[in-house]
Amino acid sequence: MRLASDFVATVAASWDELLSGEELAYATEVPAREARLVPIPEGLNPRVQEALRAQGIAAVYGHQADAFESASRGEHLVVATGTASGKTLAFNLPVLDALAAEPKLRALYLYPTKALAQDQARALASYRVPRLRPAIYDGDTETERRWQIRKWANVILTNPDMLHVGVLPHHDRWGDVLQNLRYVVVDEAHVYRGVFGSHVANVLRRLRRAAAIYGAEPQFLLASATIANPGELARSLLGVETTVIGDDAAPRAARTIAFWNPPVLDEELQLRASALGEGSRLLADLVQRGLRTICFAKSRKSAELIHRFAAERVGPELAERLSPYRAGYTPAQRRDIERRLVEGELLGVTATDALELGIDIGLLDCAISVGFPGTVASLRQQWGRAGRRVKGLAVLVASEDALDQFFMREPEALMDRRVEAAILDHANPRVLDGHVRSAAFEAPLDERDTAFLGPEALERAEALVETGDLQRTKAGYVWAGRDYPAARFSLRSTTPDAFSVVDVATGSVLGVVERERAYSTVHEGAIYLHLGESYRVLELDLEARTALVEPFSSDYYTQPKKETTTAIERAELTERRLGMEVSFGTVSVTEQVVAYQKKGIRDQATLELVALELPETTFETEAVWYLPEPWMLEGLEAIERLLGSLHAAEHAMIALLPLWAMCDRWDIGGLSTNIHFQTGRPTVFIYDGHAGGVGIARRGFDQLEGWIADTERLLAGCPCESGCPSCVQSPKCGNLNEFLDKAGALTLLRRMLTARTA
């Protein structure tokens with residue numbers, strides 16, 4: 001008989017021989033954790049208890065029982081525990097309990113992706129609880145089935161976009177659902193951050209208001225990956241206090257964690273071998289050892305390339321047991337891949353973050369992340385796919401990006417770091433106005449609605465009377481238009497006049513781009529990435545607000561050259577921090593794209609500079625800015641040195657800010673100047689790249705000391721001489737990375753930190 005410990009040792013030995021050589025930047029062992037099991041709650045409906053036991057569930061994790069007890073007390077709650085910790089059962093228990101006792105009650109489940117809704121529908125059906133009637137209601141639902149679902153389903157699975165545009169504006173059709181709405185489940189709540197989260201917060205508040213109109217006050221059950229601020233996020237999304245269930249009682253297998261840095265090919269330029277190539281090599285080596293492995297990539301194209309490279313390495317027979325998994329496949333194709341994974345037919349899968357979320361794909365031995373996925377929370381989600389029952393292996397393969405290389409040199413900065421805080425701002429007027437119009441269409445808006453929509457909504461309603469969008473009546477503010485306003489705007493943008501990106505080959509709309517970002521991302525000739533696929537912009541129609549694109553395959557990308565000015569509108573906070581004046585407030589950013597550069601993907605060589613004639617854009621947003629003291633700039637006063645030092649510090653800080661706020665560096669903008677026309681001194685601005693701001697700059701202001709310290713470590717640890725893509729060069733620099741002085745930036749940052757301890 002083979003003991004489990006022998007099996008674990010064999011599995012670990014099979015990858016130990018791989019984890020060697022100069023590429024291995026770091027390795028550590030994470031110990032196993034035992035489960036904390038408790039009896040199935042006695043108060044749970046007997047039918048549900050019976051259904052659980054029929055599935056072999058004789059006890060539940062402590063946090064699942066805590067969630068049930070909290071829900072039984074009538075509390076809103078957020079379950080924030082690790083990957084594979086049973087969050088689904090935690091929120092299903094109170095729902096199943098309520099519906100088993102009273103099948104006429106309704107529950108609404110909200111998911112950010114259709115795949116998750118499909119997965120949950122299967123899970124609910126598997127309980128076989130009598131009189132449970134789940135159904136999916138989304139954009140793919142046939143028209144003739146929609147009224148049937150509204151009539152008979154008591155668990156309706158949908159997404160925030162459908163709730164926004166398909167349910168709330170037509171709430172009269174949903175009267176029975178809203179009147180009997182007992183629970184609203186919001187899964188993967190950490191996804192709802194930034195612009196999207198700010199919109200979803202307003203949609204959820206409109207849902208609470210609509211339910212109240214029909215006499216219902218549903219409880220909200222949220223589930224989130226482990227984040228720094230689950231209670232704050234839930235309160236921002238809902239506008240009500242919630243109980244945080246965060247004591248993870250699920251078991252965790254032991255895990256080996258390895259950081260893998262592709263070898264340096266050019267010492268002077270610090271160019272490294274392809275992360276995709278290294279990821280495919282590790283994937284091939286692991287599956288050849290019989291280890292079931294998932295490899296995460298940051299784009300569809302990357303996932304496909306890693307799969308192809310790995311298949312070529314393992315030979316035709318084993319290649320049949322490899323598969324890519326990404327958005328763009330048909331539902332049937334995705335279900336087939338998921339089935340083959342669960343049943344063990346597949347040994348290796350390359351995936352985009354579609355599989356990072358909570359889809360059940362069975363037990364895996366190894367998880368490889370090619371490139372840091374942007375947040376510590378996402379990385380832990382990906383790593384959590386490996387070693388759920390026996391010892392697992394988790395690998396981070398670094399790209400040349402500044403954050404990735406920072407972690408290779410400073411592994412504890414990643415291993416010891418708390419997960420980020422998810423931030424949003426539902427009261428951003430550019431977000432809120434569309435929802436105030438929508439709420440006024442759904443029912444007259446008055447003072448009583450501040451309990452749902454917040455006091456800011458009534459202030460905006462008064463302003464919208466002035467624009468003619470709303471009318472003031474005895475019943476309250478009402479919509480003055482003929483159409484329904486929810487259809488006018490997307491949940492993915494802060495501006496209503498966004499540009500649509502249209503594929504000329506199919507006529508389909510690939511996405512929307514805010515006006516203030518359109519000129520730099522979808523100008524004529526730009527290479528536009530959508531879900532990892534490349535498209536070339538053929539035409540940007542300013543009047544029709546449309547960018548026409550075609551599929552594109554080449555070895556270059558584009559980078560816009562911009563002229564930017566920043567004006568301080570008002571400083572809300574000014575403090576003495578790190579020995580200098582630091583402010584947070586509102587700025588107006590004026591940009592004009594004047595040209596774009598074609599750059600080679602492999603060697604970063606400049607291929608061509610193409611002039612453009614585009615209008616200026618101006619938008620207000622939130623920013624943090626600081627004024628270095630003269631002594632901090634001593635020895636850096638020469639104009640080119642000064643500009644380069646400030647510029648390099650700005651770039652490096654932007655690269656590190658995603659560690660403190662759950663955002664992407666593409667959500668952040670910056671400007672550095674040797675003399676600002678308002679401050680009269682050298683000034684560095686870092687601002688939210690979305691009109692109105694969504695809290696990113698405020699997070700930077702609050703965490704300034706840690707942020708600056710991380711940035712200093714990034715620059716100090718990079719082995720390049722004068723700056724490279726791993727430290728101060730930015731793929732989104734409007735000045736095409738001209739005037740960058742790494743040494744000067746490091747001097748400046750160190751002097752700031754010295755002032756902190758002085």
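Our structure's up above, just so we're on the same page.
All figures in this text were calculated on a predicted structure; none of them were measured in a lab.

Draft legend 1. Examining the pattern of salt bridges more closely. Following the criterion strictly, the structure yields 30 salt bridges and no others. Across the pair Arg576 and Glu629 runs a salt bridge whose closest N-O atoms are separated by 3.0 Å. Highlighted residues: Arg576 in strand S26 (residues 556-577) and Glu629 in the loop between strand S29 (617-627) and helix H22 (639-656), separated in sequence by 53 residues. The exposure class assigned to Arg576 is exposed, which follows from its relative accessible area of 57%.

Draft legend 2. Broad picture of the packing of helix H7 (residues 160-167) against helix H9 (residues 194-213). Two numbers describe how H7 lies on H9: the axes approach to 10 Å, and their chain directions differ by 50 degrees. The pairing of H7 with H9 is recorded here as oblique in orientation. Both H7 and H9 take part in a crossing whose hand is left-handed. Facing Pro160, Asp161, Leu163 and His164 of H7, the residues of H9 in contact are Phe196, Val200, Val203, Arg206 and Leu207. Considered class by class, the residues forming the contact of H7 with H9 number 6 nonpolar, 1 polar and 2 charged.

Draft legend 3. Highlighting the sheet that holds strand S6 (residues 134-136). In space, the 7 strands of this open sheet follow the order S6-S7-S5-S8-S9-S4-S10, with parallel pairing throughout. Here the strands that pair on one side only, and so sit at the sheet edges, are S6 and strand S10 (243-245). Strand-to-strand twist of the sheet, defined as the mean angle between neighbouring strand axes without regard to direction, takes the value 20 degrees. In this structure, strand S8 (residues 181-186) lies alongside strand S9 (residues 219-224), joined through 4 bridges in parallel fashion. When the sheet's bridge partners are listed, Val184 is paired in S9 with Phe220.

Draft legend 4. Geometry of the nonpolar core. Core analysis: the largest hydrophobic core is formed by 110 residues, its most contacted members being Leu207, Leu222, Leu237, Leu659, Trp707 and Met752. If one sorts the elements of this core by residue count, H22 sits on top with 9 residues. Apart from residues no more than four positions distant in its own chain, Leu222 is found in contact with Leu77, Val78, Val79, Val186, Ala189, Ala234, Leu237 and Leu238. Ranked by size, the runner-up nonpolar core spans 40 residues in total, among them Leu44, Phe91, Val95 and Tyr183.

Draft legend 5. Focus on the state of the cysteines. Considering all chains together, one arrives at 0 disulfides under this definition. No disulfide involves Cys295; its sulfur sits 11 Å from that of Cys366, the nearest cysteine. The buried category is assigned to Cys295, whose relative accessible area is 0%. Not part of a disulfide, Cys720 finds its nearest cysteine sulfur in Cys718, a span of 3.6 Å.

Draft legend 6. Region of the structure containing the environment of Asp248. Within the element layout of this structure, Asp248 appears in the loop between S10 and strand S11 (255-260). Sequence separation between Asp248 and Asp365 is 117 residues; the distance between their C-alpha atoms is 22 Å. If we ignore the near neighbours within four places in the chain, the residues touching Asp248 are Arg33, His63, Thr81, Gly82 and Ser85.

Draft legend 7. Geometry of helix H4 (residues 87-101). Between its terminal C-alpha atoms H4 stretches 22 Å, which fits the 21 Å expected from 15 residues at 1.5 Å a residue. Along H4, the helix axis deviates most sharply at Leu93, where the bend reaches about 30 degrees; the proline Pro94 sits within four residues downstream. Judged by how many residues are buried, H4 sits mostly within the fold: 13 of 15 residues are covered.

Draft legend 8. Unusual backbone geometry, seen in detail. A positive phi angle, near 70 degrees, is found at Arg131, a position not held by glycine. Within the fold, Arg131 resides in the loop between helix H5 (114-127) and S6. Residue Arg131 is classed as partly exposed on the basis of its relative accessible area, which comes to 43%. Of note, Arg545 is a non-glycine position whose phi angle comes to about 50 degrees, a positive value. With respect to the helices and strands, the residue Arg545 is situated in the loop between strand S24 (533-541) and strand S25 (546-551).

Draft legend 9. Fine view of the pairing of strand S30 (residues 668-673). Counting buried residues along S30, 5 of its 6 residues qualify, which places the element largely inside the surrounding structure. Summarising the sheet, S30 and strand S31 (residues 683-688) pair through 6 bridges and their orientation is antiparallel. Bridged to Ile668 within S31 is Asp688.

Draft legend 10. Structural detail: helix H18 (residues 429-442). Helix length check: H18 (14 residues) gives 19 Å between terminal C-alpha atoms against 20 Å at 1.5 Å per residue, within 8%. Extensive coverage of H18 is indicated by the burial of 11 of its 14 residues. Buried within H18 are the following residues: Val431, Leu432, Asp433, Gly434, His435, Val436, Arg437, Ser438, Ala439, Ala440 and Glu442. On its buried face, H18 is in contact with H7, H9, helix H19 (450-453), helix H20 (455-466), strand S19 (470-473) and strand S20 (476-479). Measuring from the backbone nitrogen of Arg430 back to the side-chain oxygen at the start of H18 gives 2.9 Å, which picks out Asn428 as the cap.

Draft legend 11. The arrangement of the packing of aromatic side chains in detail. One pass over the full model with this rule turns up 14 aromatic pairs. An angle of 75 degrees between the planes, with centres 6.1 Å apart, marks the rings of Phe499 and Tyr519 as edge-to-face. A residue pair is termed long-range when its members are at least 10 positions apart, and Phe499 in strand S21 (residues 499-503) and Tyr519 in helix H21 (residues 515-521) qualify at 20 residues. Residue Phe499 shares its accessibility class with Tyr519, and that shared class is buried. The structure contains a cluster of three or more aromatic residues connected by ring pairs, namely Tyr26, Phe259 and Trp383. Sitting over the ring of Tyr183, Arg182 keeps its end group 4.5 Å from the ring centre. Sitting above the plane of the Phe584 ring, Arg698 keeps its charged end 5.5 Å from the centroid.

So, how was this worked out
- Throughout, residues of each chain are indexed from 1 in the direction in which the sequence is written.
- It should be noted that, the model being predicted, local features are given only for residues of pLDDT at least 70 and side-chain atom pairs only at 80 or more, the latter also being counted only at that level, while totals for whole chains, interfaces and linings use all residues.
- Values shown for side chains rest on all heavy atoms present in the structure; no hydrogens or waters enter the calculation.
- Criterion for a salt bridge: a side-chain nitrogen of Lys or Arg within 4 Å of a carboxyl oxygen of Asp or Glu.
- Here a strand is any run of E in DSSP of at least two residues, a helix any run of H or I of at least four, and the numbering for each starts at the N terminus.
- We call a residue buried when its accessible area falls under 20% of the maximum for its residue type, exposed when it is over 50%, and partly exposed in between, using a 1.4 Å probe and counting protein chains only.
- Whenever a helix is involved, its axis is fitted only over the stretch in contact; in every case the axis is a line through C-alpha atoms, and angles between N-to-C directions fall within 0 to 180 degrees.
- Every angle not falling under 35 degrees, over 145, or within 65 to 115 is termed oblique; those three ranges are roughly parallel, roughly antiparallel and roughly perpendicular.
- Rotating anticlockwise by less than a right angle from the far helix to the near helix defines a left-handed crossing, while the corresponding clockwise rotation defines a right-handed one.
- Residue contacts are defined here by distance: any two heavy atoms, one from each residue, within 4.5 Å place the two residues in contact.
- Note that Gly is not counted as nonpolar here; it falls among the polar residues with everything else outside the nonpolar set of Ala, Val, Leu, Ile, Met, Phe, Trp, Tyr, Cys and Pro and the charged set of Asp, Glu, Lys and Arg.
- Between any two strands, at least two bridges found by DSSP are needed for them to pair.
- Note on terminology: a nonpolar core comprises buried Ala, Val, Leu, Ile, Met, Phe, Trp, Tyr and Cys residues joined through side-chain atoms within 4.5 Å.
- When two cysteine sulfur atoms are found within 2.5 Å, that pair is recorded as a disulfide.
- Under the convention used throughout, the expected extent of a helix is 1.5 Å for every residue step, that is, one less than its residue count.
- To obtain the bend at a residue, axes are fitted to the seven residues ending there and to the seven starting there, and the angle between these axes is taken.
- Throughout this description, a polar contact denotes any pair of N or O atoms lying within 3.5 Å of each other; where both atoms belong to protein, one of them has to be capable of donating a hydrogen while the other can accept it, and for residues adjacent in sequence the pair is counted only when both atoms sit in side chains.
- Aromatic pairs are defined between Phe, Tyr and Trp rings, using the six-membered ring for Trp, whenever the two ring centres lie within 6.5 Å; interplanar angles under 30 degrees are classed as stacked, those over 60 as edge-to-face, and all others as tilted.
- Criterion for a charge above a ring: Lys NZ or Arg CZ within 6 Å of the ring centre, and within 35 degrees of the ring normal.

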